[in-house]
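# Chain and residue survey
Now for the letters of each chain:
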Amino acid sequence: MSILIKPIITEKATSDAELNNRFSFIVNNKANKIEIKDAVESAYGVSVEKVRTMNVRPDYKTRYTKTGIVTGKTNAYKKAIVQVADGETIDLYANL
């Protein structure tokens, strides 16, 4: 089971990483905080102080088209915010 799916690289997540040493990841829905901590430490070689998780709900959208009403939704996912020890950092752009 792959714990880390991909890092979240948005403007808010990037500023949080620069200012507070917190990095955001999309993780497996069934992963717990201990598994996420071990996965980040083994993948990036840093020491993790704290892990926060949240389940992100899907967004529902409705459009009115010529053929009728079209409804859709985005996928739900689990997000983890990982606090790294002071002086350490994760280079998310190295694997691109």
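Data block above holds the structure.
Here we summarise the structure given alongside this text. (Residues numbered from 1 in each chain as written. Predicted model: local features only at pLDDT ≥ 70, side-chain atom pairs only at ≥ 80, totals over all residues. Heavy atoms only, no water.)

Now for the overall build of the protein chain. Along its length, the protein chain carries two helices and six strands. Ordered by position from the N terminus, the helices and strands of the protein chain form the series β-α-β-α-β-β-β-β. Computed over C-alpha atoms, the radius of gyration of the protein chain comes to 16 Å, more than 25% over the 12 Å expected from 2.2 N^0.38 for 96 residues, which places it beyond the range of a compact globule. When the backbone C-alpha atoms are referred to their principal axes, the protein chain occupies close to 55 × 25 × 25 Å. The burial tally for the protein chain puts 31% of its 96 residues in the buried class. Long-range pairs, those at least 24 residues apart, make up 60% of the contacts in the protein chain with a sequence separation of at least 6. Accessible area of the protein chain: about 6900 Å², with a carbon and sulfur share of 50%. Taken as two groups, the 15 positive and 11 negative side-chain charges of the protein chain have centres that lie 15 Å from each other. (Helix = DSSP H or I, 4+ residues; strand = E, 2+ residues; numbered from the N terminus. Rg over C-alpha atoms; globule rule 2.2 N^0.38 Å. Buried < 20%, exposed > 50% of the residue type's maximum accessible area, 1.4 Å probe, protein only. Contact = heavy atoms within 4.5 Å. Areas by Shrake-Rupley, 256 points an atom, 1.4 Å probe, with all protein chains shown as cover. Lys, Arg positive; Asp, Glu negative; His and termini not counted. Charge placed at Lys NZ, Arg CZ, Asp CG, Glu CD.)

If you check helix H2 (residues 33-44), its first and last C-alpha atoms are 16 Å apart, about what 12 residues at 1.5 Å a residue would give, namely 16 Å. Burial in H2 covers these residues: Ile36, Ala39 and Val40. Looking straight down H2, one finds its buried side chains confined to an arc of 95°; they lie on one side. Turned more than 90 degrees off the buried face of H2, the exposed positions are Ile34 and Ser42. (Expected span 1.5 Å × (residues − 1). Arc of directions from axis to C-beta.)

The next subject is the packing of aromatic side chains. Scanning all chains against the criterion turns up one aromatic pair. Relative to Tyr44, the ring of Phe25 has its centre 5.8 Å away and its plane inclined at 35°; by these criteria the two rings are tilted. Separated by 19 residues along the polypeptide, Phe25 in strand E2 (residues 22-27) and Tyr44 in helix H2 bring together distant segments of the chain. Of the residues examined, Phe25 reaches a relative accessible area of 1% and is grouped as buried. (Phe/Tyr/Trp six-rings, centres within 6.5 Å; stacked < 30°, edge-to-face > 60°.)

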